Structures are given as C-alpha cells and as structure tokens.
Amino acid sequence: MNRATAPDLILCRVGELTIGIDIGFVQEVNRLVQCTPVPRMSPEILGLVNLRGSLITVFDLNLVLHGRPLKRSTKTRNVVVDHDCERFGILVDAVGDVLPVDGQLLEPLPSHTGADLAGYLDGLVEREGEAVLVLNLGAVLRCEVAAD
Amino acid sequence: MSDSQDEMQELIGDFVAESTEHLSTVEADLLSLEEGSGDDETVNNIFRCVHSVKGVASFLGLDTIQELAHTLESTLDLVRKQRLEPTGELTSVLLAAIDELKSLIDQAEHSNGTDVASHLEALRHCQGQATEAPTTVAAATADVVAAPAAPANEAQPAAGESPAEEAVTANKPASKSNTAQRTQKRGTESIRVGVDLLNRLMDLSGELVLGRNQVLRGIGREAERSLHDAAANLSHVVSEMQEAIMQTRLQAVSTLFQKFPRIVRDLAGKLGKQCRLMQEGGEVELDRSILEALADPMTHLVRNAMDHGVETPEHRRAGGKGAEGQVTLRAFHQGGNVRIEIEDDGAGIDPDKLRSRAIEKGLMSQDEADDLSDRDARMLIFAPGFSTAEQLSDISGRGVGMDVVRSNIEKLGGSVNIRSEVGEGTTLSITIPLTLAIMPALVVSCAGNRYVVPQSNVTELVRLRPNDPKHRIVMVDERRALRLRGRLLPVVDLSEALGLETSGDGGGCNVMLVQSGTCEYGLVINTPPDTEEIVVKPLGRHLRGREEFAGSTILGDGQVGLILDVTGISNVCDLRAAEAELTTAAASQDVGLVDSEADLAIFRAGGGELFALPLGIVARIQRATAADLDTVGDRLVYRSAEGIMPVVTLPATKRPANGSATLLVLRNGDRNYGTLAESVEEIRSEQVQVDDQTLRAPGVLGSIELPQGTVRLLDSAALSATAFPESGNQDAVHRETTRILLAEDSGFFRAHVARVLQEAGFVVTSCVDGDDAWQQLQADGASYDLVLTDVQMPNCDGLELTRRIRDHATLAGLPVLALTSLSTDEARREGEAAGVTEYLVKLDDRTLLAAIERNIGVRS
C-alpha cells in the first residue's frame, strides 16, 4: 500500500489527544474573544467570530472528535484555517509546536480507533514516541452535514 | 520561462477585461445606428472598439480574433464612409459577428483555430454590396476624421495595414480637432479595480470605524483639547472615507439597461412584432451587486412585456394603436429607494382572465376569485405555477419565472408591483434599496445575543402595556395574534422563532411588526430595539441553508449580529398559514376586533376635576406655552404654524399665566379646536358604564365612575358649538320635520349622536339595539325619514336590521346609514351587500350631517 508523506503539522491538544493540523491550511492562531452562537445549529458549531472585519464560523473540535464540549481555559486557542476559499476557526485546548515532516510517512490508524473518530482523521505520525493524529479538515468542516 | 508565461496570462487577462468593456457599448451603438439615431461619432466609436481589439489580438498572437475583428473593421469602415447603409440585415450580421467576437474573447487562449468562416463569409458578402461612390458629405466627414494623422508615439501594437489605422491614430491625443469628441466619449478618468479589493476596503473601513469608536471612548472627557480635536477630525475623515468607499460600489443603471436593446430587437424579430425600446434614468446609480442580481429578473420581465404585452402590428392597428409598440425602461430615485419600471403599451393584463385561470388551476374557488380585487388578481401572475400565455412559447411563459422574479427581487430587499389597464398597457415596477452593503437596521436582543432586522422589513413597533385591551395579544384558535387597530396579526416570540430558551419572563412587551411580501406578522421581543447602520456580510457555507437568517453583520462594538430573514421566519413558523387562519377566524367569530367604542381620554381640568372625551375626536395632545395662547375679542385662541385654533376652556380652568399647559386638540370635521387640561390622566379603553342621568348637564353627557373618582363625560358637540359659534344651525328650521331613528347600543354614543342630530335640528328617536329599532319601525315605520344604525350591536346587529328593513314591504326604501368604528373595505362590502345606503365612520359629526342631508328626501 502506498503511503502518503505527512504534511507539516501544527500540534494541538484536544482533550487527551494530540492532533496535527496541516499547516498549509492554517492562517493564524488566536485567542477566541467573543463568539456569537447561532440558534438551532448543531452544537459542534460554536458560532460566528469577527476576524478583523470578516466573519468566520468556529467549530468545537472537542465536540467533533469525542463528543465532549470544550472547557475554556487560558490556553484555549482558535486555529484559523482556510478551506475551500472560506475561513473557519477550529477551537482546541492548546496549541503546541510545529512538527516538520522530515519525509515521515503517514501511518495507518491503529485498528482499535473508534469508527467515529477515524472518520475525522487521515492517519498518524509518530513524534518522540507519541502518536500525533493527523486531522482531516474537510471531514471536520462537513461534520454538521453528517450530523443531520 | 514560467515568468513570461505568467506575464502572458496576465496580458491576456487584461485583454479580455478591456475588450469586454469596449464591446459592451458596441451593441447599443449598432442598434442606434440601425435606427438612424446614431451619428458619425457612433460609427467611429464602434470602429475604434473593434480596432483596438484587433490591435491587441494581433500583438498577442490571437489570430482568429484578429481575423474576425479585421473583417468586421473593414465592413464598418464602409459604413463609416457611408458606402454601406446600416440596414437591418447588415446590423444582424454585425451583431452576430460581435457576439462571436465576444465569445472568442471570453476564451481567448483557446480561440485560435475556432471556425469563424461563416461570419467572415457573411461580412464579406455585405462588403460586396457597398456602393462605389460615397456622397460628398460623407467623404468630407471621413476626411476630417482622417486628416490629422498625427505622429502618435504611444506604443500602439496594432498591425497598421488596414485603412482603419488613420482613423484610430486620429483619435490619439495629438489631434486638436478631436478633443471635443474624445472628452465626450471618455468621461472622467478611471481605472479598473477588482470587486474583491473593494469589498476588502469596505470591511477594513468598517473596522476602522470600530477602532475610531473605541479610541473616542478611550479618550474620555479629561483628555486634552488638542487630542479631542484630533479625534473629532479622525472621526470625520473616517466617516467620509467610508462613504467614498461605498460609492465605489455604485454603478449606473445603464450598465443593466444596455443589454436590452438587443434583446428587444431579437425578440421583436422572432415574434413578428414591431417594438421600440426607450430608456430613461440610466444615470441612476445602484450597488453593483444589486445590478447584477437584477439582470435576470429584468430580462424576464422585458421578455414578458414583449411576448405577452406588446401585440402584433395587426392587433395593434385593429386596436387603434400605432403598429410599433413601445417598451420603456425607467429608473428613478424615490424616497431612499430606486424604482425601476418596465412599461409597455401593449394589451394589458385582463384580471378576469387571471381569475378564471386561477380557478382552472385549482388555486382558488370561484367565490375567492370573485372577491379578488383587480389589483390582487393581477398580482396572481406572481403566484407559483401560473402562466397566462394562451400558447406556451419559448420566449416566456412556462409558468416558472414570475414567482422566481418576485422572490429574487424580494431577496434584494425590494418589492415588485404591477399596474395595468386592459388595452392600454402594463407597468411593472421594482422598488429596491440603493445599496445592499449598508442599510439601516434594528438591533434586538434575544436570549443574550443580538439579532438584526433590516428597517425596510419593519412596519411598526408596538409597545404593549399591561391591562391595555386595545393592543394586546389574544389567542385565536390556538394561534397567538395581536389585536391592532381592527386587525389581527399573527405573532411569534422571537426566541421561539429561533428555537431559543428564554430565561424567565422578560415581559415580552414589545412587538415588532414586520412585513415580507404579502405576509405581515409580529415578532415579540423583550426590550425595545436599537437602530444601527449595518454592513451586510454573507453567511458561511454552514449557515447558508438556514432560512431564518439573511446574512450577518458586525455590530458597533465589534460583535457579530445575525440578520433575520423575515420571510424565512414566516416560513419556519408557518405564519402565512396562521395569517390566513386568523382572517377566517376573525370573519367567523367575534374576537373583539372592533376597538371598544368607549375609548376615552381622561384628563383633569377646572381645578383637578376629572373629565373625559372620546379618544376618537382627540387629534393630538400637546404642550401649549402661555405665549402661544392669545385672546382675540373674548375668545381664547392658540397660535401655531398651522394658524389659529379656537380654544375652549372648561369652567374654572385658568389659562397659564406663564409656563405651559396641556392642550387637547380636538377634531371637528376639517377644523380643529382645542381645550386646556391641567394634566392628562390616562387613555381608558375598556368598556365603561356611562351614567347618563345623574350628572347630566349642558355640555356634559354623563358620568363614569373610575378608581380616581367621578369623571364627567364631556359633550364634544357642545364644545365645538362653543368653539365655532358662527357655524350655528340656520338649517334647523327645515329639519324639524325630519325624523331619524337611531339604533346604538353604547349609551355614550347614543347620547352623543342624538345630541349632534338634535343640535342640527332633527327629531331623533333613540333605540338601544337592532331589535328595539325594529320594533319601533314596525310600530311606526312610516313616520321615519332615515335610519342611523351602529353595526356591532347585541341581539340584532346593524346589518341584520338593514336586511330586515330591505326585506320589508313598505320600509324597503328607507335610507339606512351605518355607523362604524371599523371601516375596512371588507366591512364596507358586507354593509353594501346587506343594503346599507352609506357607511360612515363614527365621531365625524360633519360627515354624518352631510350624509343625512344627502339621504333625506330620497326615499324611493
């Protein structure tokens, strides 16, 4: 089986998971100031945020990945990504380093990964003995459609 | 290598944009040429455009484009030299070639090798028809244009082998003789800027405004004067800048209009009709995005006008009209909006045809269709699945369309209306806001967040006071509805509409009435809304499907606010159905639609005494300063901008020596008068029991017991008689023999009307309800000259009484005037159906007397 090379990743903490987001998508990381909720939206969508004059839809990655809403703390960060010509915010518990590829290949997910979670992941890479789950951004942004 | 490829790409991109712009005016010019309204400059302009396309195309190696442009150019040259007449045939060939040229340009990179032989052939064929000798005048003109073949040293990358070259160089800025023409055509200088960039500028300017506001707040009061001045200046500049950026988005309506001459021409040919297109107000400017969004609906409407409106020449002649029809496109400003009208002088829309069509289609029953006014019937063309063309054609009329047209226009915050006269023509008018980008809006809070409603959707704000029976929310068949001025409107809590939990009881005491299309309803909100100018931003893809929201915006403090879509909400909450249900409910049962008749203004005058006047005659309540009050002769008057108004003072009421007093302005026909009050206590709208015996006195109809004390109900007829002593009743003598039967259940009104009539000299018999009146009539019917009846009465209402009279053998001819506080068209129709002679609104004494005067003696 042909394995793709992993992209450069920004490492984020989501609950107990370490998630890598393809840095190619990431525009900036900021603290979420004020988020306006949208009535009758699926709970994964936290709401809308004013990013210097443009509006972005913000997702709660905790809720998407393991069904528990995010607990806001001082480390909570909003990762702004550009996907399909639209900007989104992905809210995570903390943002860490950037992990360069160094030609690492994307490993398949361990077989015990839950099907729900696996649907949002592209695979994993290892970093200092720890598994970094590579996020499938498209799947996350489609989660609301899937939830219906 | 890749750099030069990029460069090439960019060049081609520029070429496409520039050529498209050039060619956009060519079509209109060609058409005006055909019509004969074009002049030399028109030909030259077409020529120049085609020529510059040719030049750049050859530079870029776009051979096919160059070849076609070249052939076009040579043909045009013959027209320019007046060796070819711009006939219809030639124009068609030219138009087709221009179309081809445009589509080639659209895909410039792949244009080489496209087969354009047929166009070349047709053009050459036309060239072959050219006459040899141009007229001398034409030759002279051509000479003038060609003469100053100046040494233009701009790098014009044109292949210069054609005779066209001279003319084009003649138009380079070297020639003096052409300056006038050039400025006339070119207008002010401009550059091309991407819309994305403009939008970004808009966003940033919005942010700048927010920043400015924060700075202004931060500076506070203690700051130095110089800082304040700087801040004020900044604030001014920012506002002006925002306005200027706004204006960059505006475009003249003519950019929208310019494609229609061609459409009309082509359609006229296809349909065998003759039609002229007129345009007015092309200079009116509209937001670019609106113009774009209007293109499709407009095209549809123009096609309709051509297809269904304008008749064939034979039909027109038969109808006594000129063979040539006319379609007019018109744009103008109207009260902050832009109105665009599409007018034709064709057959008009026959409402009866639409009615029968609607019945045929099962959209409504015969009765419903009969009830429809002509105007409403015409609006049926906007109903989904409605097509009236007797024969479906490929031009228009597949019955999908007009409803789409309407909903598209409504999405833009606009509305569409129709006026039509059978045989005269039809005018469709579209009203739309100037810009979508910035609009005034109301901001409401709901469950901790703020939502925005465009002001154009809001018709009224109503504050509900507890215990105010006049404006209150009632339950009708499980539906909540607001009783407002004789109407029932469906209402919904905003929180409920949005599916939000409301935290406890916020009071829900404000209702925002909103209107979208034909549906009007109320949104119940807890706090009164704020107003704000908002910049509309589109919703992200996740929210786009949500009917409740039309967009989003950034509010003054930087927070996001969602813009509510009032049509969407009415769909989500099924309010259209609710409205229909309420209408039927209101018709079938008495839900207290009629505003209680004894609405009273209660006030203190004469040293704290309580008085009441019917609210219906109170035009307004205002402050009057001592300076505005004056004595003329022995009478007190109030001076205002409108003129002088007599003021009646109640016993022991002093006019204010200085300071001000409360003035109740009372209606009396078209002349108002006033009375002074010390204070206005309240407006009482519940049914009150009037004691018309105990305290009855001249000028006082009776008394009412209220918690504050005894209130004396004033007789407005007596007051107005005091105010206008000159309008005495000279006619009274002639009226003494006229007997009027009055049926009215409200004691107050009975006393009032009776008094007005007696004052006027009539003999009045009062009855407490319809039954009472009927008994009177049966006993002594012959002695009455006229019946005056209230509509809403217990036992037997006014309409029933009227029906009984009309069905009676001897009484049938008696004039019956109905008095009502509810004057709607519907009620009027019902009254007419029952046989009411005239329908009158209560408390307009003059009209009442005039109506009686009109109707006595006409006993038929």
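Since the structure is predicted, the reported quantities are computational estimates derived from the model, not experimental observations.

A. View of helix α15 (residues 351-360) of chain B. All names here are of chain B. Three or more residues of α15 are buried, namely P351, L354, R355 and A358. An end-on view of α15 places all buried positions within 105° of arc, on one side of the element. Between the side-chain oxygen of the N-cap and the backbone nitrogen of D352 there are 3.0 Å, and the N-cap of α15 in question is D350. Once α15 ends, the next one or two residues include G362, with phi positive near 75°.

B. Region of the structure containing the interface of chain A and chain B. Taken together, the contact pairs 23 residues of chain A with 28 residues of chain B. Summed over both partners, the interface of chain A with chain B buries about 2,100 Å², with 53% contributed by carbon and sulfur atoms. Of all residues in chain A, P39, R40 and L55 of chain A give up the largest surface area on contact with chain B, accounting jointly for 30% of the area buried on that side. A salt bridge links R40 of chain A to E548 of chain B; its shortest N-O distance comes to 2.7 Å. Where chain A meets chain B, there are nine residue pairs in polar contact (both at pLDDT 80 or more). Grouping the constituent residues of the side of chain A that touches chain B by class yields 11 nonpolar, seven polar and five charged.

C. The sheet that holds strand β25 (residues 660-668) of chain B, seen in detail. Residues and elements named next belong to chain B. Strand order in the open sheet formed by six strands is β21-β25-β26-β24-β23-β22, and the pairing between neighbours is mixed. Each end of this open sheet is capped by a strand with a single partner; those strands are β21 (618-625) and β22 (629-632). Here the strands of the sheet are splayed against their neighbours by 40° on average, with no regard to which way each runs. Sheet topology note: the strand β24 (residues 643-648)/strand β26 (residues 671-677) ladder contains two bridges and is parallel. Within β26, the residue paired with V648 across the bridge is T675.

D. Summary view of the side chain of E28 of chain A. Residue and element names in this part refer to chain A. Considering the arrangement of structural elements, one finds E28 in strand β3 (residues 26-30). A distance of 3.2 Å separates polar atoms of two side chains, one belonging to E28 and the other to N30. The contacts of E28, once residues within four sequence positions are left out, are L51, R52, N78, V79 and V80.

E. Seen up close, helix α3 (residues 63-80) of chain B. Between its first and last C-alpha atoms α3 of chain B spans 25 Å; for 18 residues at 1.5 Å apiece the expected length is 26 Å, and the two agree. With 14 of 18 residues buried, α3 of chain B lies mostly within the body of the structure.

F. How the structure looks around unusual backbone geometry. Of note in this structure, D84 of chain A is not a glycine but carries a positive phi near 55°. Looking at where D84 of chain A falls in the secondary structure, it is placed in the loop between β6 (77-83) and β7 (86-92). Here the phi dihedral of A447 of chain B falls at roughly 50°; this positive angle occurs in a residue that is not glycine. Positionally, A447 of chain B belongs in the loop between β8 (438-446) and β9 (449-454).

Analysis parameters
- Residues numbered from 1 in each chain as written.
- Chains lettered and ligands numbered in written order.
- Predicted model: local features only at pLDDT ≥ 70, side-chain atom pairs only at ≥ 80, totals over all residues.
- Heavy atoms only, no water.
- Buried < 20%, exposed > 50% of the residue type's maximum accessible area, 1.4 Å probe, protein only.
- Helix = DSSP H or I, 4+ residues; strand = E, 2+ residues; numbered from the N terminus.
- Arc of directions from axis to C-beta.
- Polar contact = N/O pair within 3.5 Å; in protein donor to acceptor, adjacent residues only side chain to side chain.
- Contact = heavy atoms within 4.5 Å.
- Buried area = accessible area lost by both parts, 1.4 Å probe.
- Salt bridge = Lys/Arg side-chain N within 4 Å of Asp/Glu carboxyl O.
- Nonpolar A, V, L, I, M, F, W, Y, C, P; charged D, E, K, R; others polar.
- Pairing = 2+ DSSP bridges.
- Axes fitted to C-alpha atoms, helices over the stretch in contact; angles between N-to-C directions.
- Expected span 1.5 Å × (residues − 1).

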